[in-house]
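Examining the three-dimensional arrangement
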Amino acid sequence: MTLYNIKSLSILYLMLSLPFFSQAQGWQNPSERYTDAYKKYLNAKCPIPEDGIKHFVYFARDREALKGHPLLQHSSFTGAQIMYAWKDLEANKNEYDFTAIEEDVRYLKQFGKKLFIQLQDVTFDPKYKAVPSYLTTKEYKGGAILQHDENGEPEGWVAKRWNVNVRERYALLLTALGKEFDGEIEGINLQETAIGVTKSDSDFSEEAYVQGIKENMLALKKAFPTSTTMVYANLIPGEWLPFDDKGYLKSIYQYGEEIGVGLGGPDLMVTRKGQLNHALAQMHEGAFTVPLGIAIQDGNYIGKTGADLDYNEEQDKGDDGRSNIVPLLHAFAKDFLKVSYMFWVNQVPYFEQDVITCFK
């Protein structure tokens, strides 16, 4: 029996034993320590007062939706967060094209707004890769690999962050971006650390993945010493907090604080243990001088995520009888997480009906 199987059995035994320990000794399940934290903010109401948080509207790659958007005339919003795919910025090796970013910076500046870049190296569509085609060669061992969901179904592609050669190219892209936009943009963030690939790649190891994330963070900070830098550190393959804690996620939060890279995550889910025990717990429990950020993404306005099997954001038209949980999400992020940035997804109809109407 392998060490991994022994550990798995040990965790299973612990989980099965929890009810008995709880009844016999008054033991409390640490995985449930924050399950009621949101209740403190149930009475939060609109309008949301001035709070010191920098609020951005997240458009994913839908740059056209920025044109004429209500955020441009609203004083509560600092600007727009837009995602740019690696392959669109470097179609060919060492040939960079930042035209789209330049256009968006200029357009936002007309309205006194700023741009926050999200750099895409991961996708959630098996038909779409975010890496340049030159990376999909033997020199880079394919450059990217399919992600799979918990049922083993392909759900997108992830750049091989654990591959030294891939990371070298990524660092060069960051350096080129920094030369053009450091100080011109509000900030730049790397995509989430959670990926659906482990032993499907012979070069992958949990330790190499964590080290790769840290090296990308350092390259980001070196490239952007002035603008805000951030990584969405939510989950790490190979551990599941709080019981299977290998120190991976915690070390990334510690490293971000050490080198001056901000920390945060996607999906502000205030009632789910998966989010509460990982990124949200790290933000709540840590003492940080670097900025923290949280993204409210598709589905979050009704307590769902795009990964939920029972939820399709494309079919979600909004329930007329829904409760507006924007005040709750804001209060939780401000008080429990103590964030500096909030990224509100431009999801129809929630943004215009629930979000923008809730800000003064």
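Each chain has its residues counted from 1, running along the sequence as written. The predicted nature of this model means local features are confined to residues of pLDDT at least 70 and side-chain atom pairs, given and counted, to a pLDDT of 80 or more, with totals for whole chains, interfaces and linings taken over all residues. Working from all heavy atoms in the structure, the side-chain values ignore hydrogens and water.

**Comments concerning the nonpolar core**
Ranked by size, the top nonpolar core spans 101 residues in total, and within it Leu-177, Leu-268, Phe-332, Leu-337 and Trp-344 carry the most contacts. Among the elements that take part in this core, helix α9 (residues 326-337) stands out by supplying eight residues, more than any other. Apart from residues no more than four positions distant in its own chain, Phe-332 is found in contact with Ala-37, Tyr-38, Tyr-41, Leu-268, Val-270, Leu-276, Leu-280 and Leu-337. What is meant by a nonpolar core is a set of buried Ala, Val, Leu, Ile, Met, Phe, Trp, Tyr and Cys residues, joined one to another through side-chain atoms within 4.5 Å. Buried residues are those whose accessible area, probed at 1.4 Å on protein chains only, stays under 20% of the maximum for their type, while exposed residues exceed 50% and partly exposed ones sit between those limits. Listed in part, the seven residues of the second largest apolar core include Phe-56, Met-230, Tyr-341 and Phe-343. Secondary structure counts use DSSP, requiring at least four H or I residues in a row for a helix and at least two E residues in a row for a strand, with both numbered from the N terminus. In this description, contact between two residues means that some pair of their heavy atoms is separated by no more than 4.5 Å.

**Digging into the state of the cysteines**
Disulfide assignment relies on a single distance test, namely cysteine sulfur atoms paired within 2.5 Å. On inspection of all chains with the given rule, the structure shows one disulfide. Between the sulfur atoms of Cys-46 and its disulfide partner Cys-358 the distance amounts to 1.7 Å. On the S-S bond that ties Cys-46 to Cys-358, the torsion sits near -95°, and the link is left-handed. Of this pair, Cys-46 sits in the loop between α1 (3-25) and β1 (54-58) while Cys-358 sits in the segment after α10 (350-355), and the two are 312 residues apart along the sequence. Classification of Cys-46 by relative accessible area gives partly exposed; the value is 37%.

**Examining the sheet that holds strand β8 (residues 262-265)**
Strand order in this closed barrel of eight strands is β1-β2-β3-β6-β7-β8-β9-β10, and the pairing throughout is parallel. Put simply, the sheet's adjacent strands are angled 25° from each other on average, direction ignored. Pairing of strand β9 (residues 292-296) with strand β10 (residues 341-345) involves four bridges; the strand directions are parallel. Paired with Ile-296 across the strands is Trp-344, a residue of β10. Lines fitted to the C-alpha atoms define the axes, with helices restricted to the stretch that makes contact. Angles between their N-to-C directions range from 0 to 180 degrees. Together, β2 (77-85) and β3 (114-120) form the strand contacts of helix α3 (residues 99-109), whose direction differs from that of β3 by roughly 155°. Contacts between α9 and the sheet are confined to β1, β9 and β10, with β10 contributing the most and set at about 155° to the helix. What makes two strands pair is DSSP finding at least two bridges between them.

**Regarding the packing of helix α4 (residues 164-181) against helix α5 (residues 206-223)**
It is the contact of α4 with α5, at a shortest axis distance of 8 Å, that shows an interaxial angle of 20°. Between α4 and α5, the angle is such that the two are roughly parallel. Crossing of α4 over α5 shows right-handed handedness. Residues Arg-167, Tyr-170, Ala-171, Leu-174, Thr-175 and Gly-178 of α4 pack against Gly-212, Glu-215, Asn-216, Ala-219, Leu-220 and Ala-223 of α5. Of the residues contributing to the contact of α4 with α5, the split by class is six nonpolar, four polar and two charged. Note that the term roughly parallel is reserved for angles under 35 degrees, roughly antiparallel for angles over 145, roughly perpendicular for angles of 65 to 115, and oblique for everything else. The handedness criterion is simple: a crossing whose near helix is rotated anticlockwise from the far helix by less than a right angle is left-handed, and one whose near helix is rotated clockwise is right-handed. Ten residue types, Ala, Val, Leu, Ile, Met, Phe, Trp, Tyr, Cys and Pro, are classed as nonpolar, four, Asp, Glu, Lys and Arg, as charged, and the remainder, Gly among them, as polar.

**A word on the packing of aromatic side chains**
Centre distance and the angle of the planes are the two values used to describe a pair of aromatic rings. Aromatic contacts are taken between Phe, Tyr and Trp rings whose centres are within 6.5 Å, Trp giving its six-membered ring; a plane angle under 30 degrees counts as stacked, one over 60 as edge-to-face, and the others as tilted. Scanning the model with the defined rule gives 24 aromatic pairs in all. A ring pair is formed by Phe-56 and Phe-116, whose centres lie 5.6 Å apart and whose planes are at 75°; its orientation type is edge-to-face. You can see Phe-56 sitting in strand β1 and its partner Phe-116 sitting in strand β3, a full 60 residues away along the chain. Overall, Phe-116 belongs to the buried group, its relative accessible area being 0%. A ring pair is formed by Phe-204 and Tyr-209, whose centres lie 5.9 Å apart and whose planes are at 40°; its orientation type is tilted. The buried category is assigned to Phe-204, whose relative accessible area is 11%. The class of Tyr-209 is buried, set by a relative accessible area of 0%. Site record: aromatic cluster; members linked through ring pairs are Phe-77, Tyr-301, Trp-344, Tyr-350, Phe-351 and Phe-359. To sit over a ring, a charge needs its Lys NZ or Arg CZ within 6 Å of the ring centre and within 35 degrees of the ring normal. Looking at Lys-129, its charged tip hangs above the ring of Trp-157, at a distance of 4.1 Å from the centre. For Lys-214, the ring lying beneath its charged end belongs to Tyr-255, and the centroid distance is 5.9 Å.

**Notes on the pairing of β8**
Residues Gly-262 and Gly-264 of β8 are buried on one face, and the alternating residues Leu-263 and Gly-265, pointing to the opposite face, are buried as well. Viewed with both strands pointing away, a crossover whose connecting path from the first strand over the helix to the second turns clockwise is right-handed. In this region the chain leaves strand β7 (residues 228-232), passes through helix α6 (residues 248-259) and returns to the parallel neighbour β8; the handedness of that crossover is right-handed. Where β8 and β9 come together, three bridges link them in parallel fashion. In the sheet register, Gly-264 faces β9, and the bridge partner there is Gly-293.

**Topic: the pairing of β3**
Counting buried positions along β3 yields six of seven residues, so the element is predominantly enclosed. Note: β2 against β3, seven bridges, orientation parallel. Of the residues in β3, the one forming a bridge with Met-83 is Gln-118. Looking at chain direction, β3 and strand β6 (residues 187-190) are connected through four bridges and run parallel. Each residue of the ladder has a partner; that of Gln-118, found in β6, is Asn-189.

Keep in mind these values describe shape, not function.
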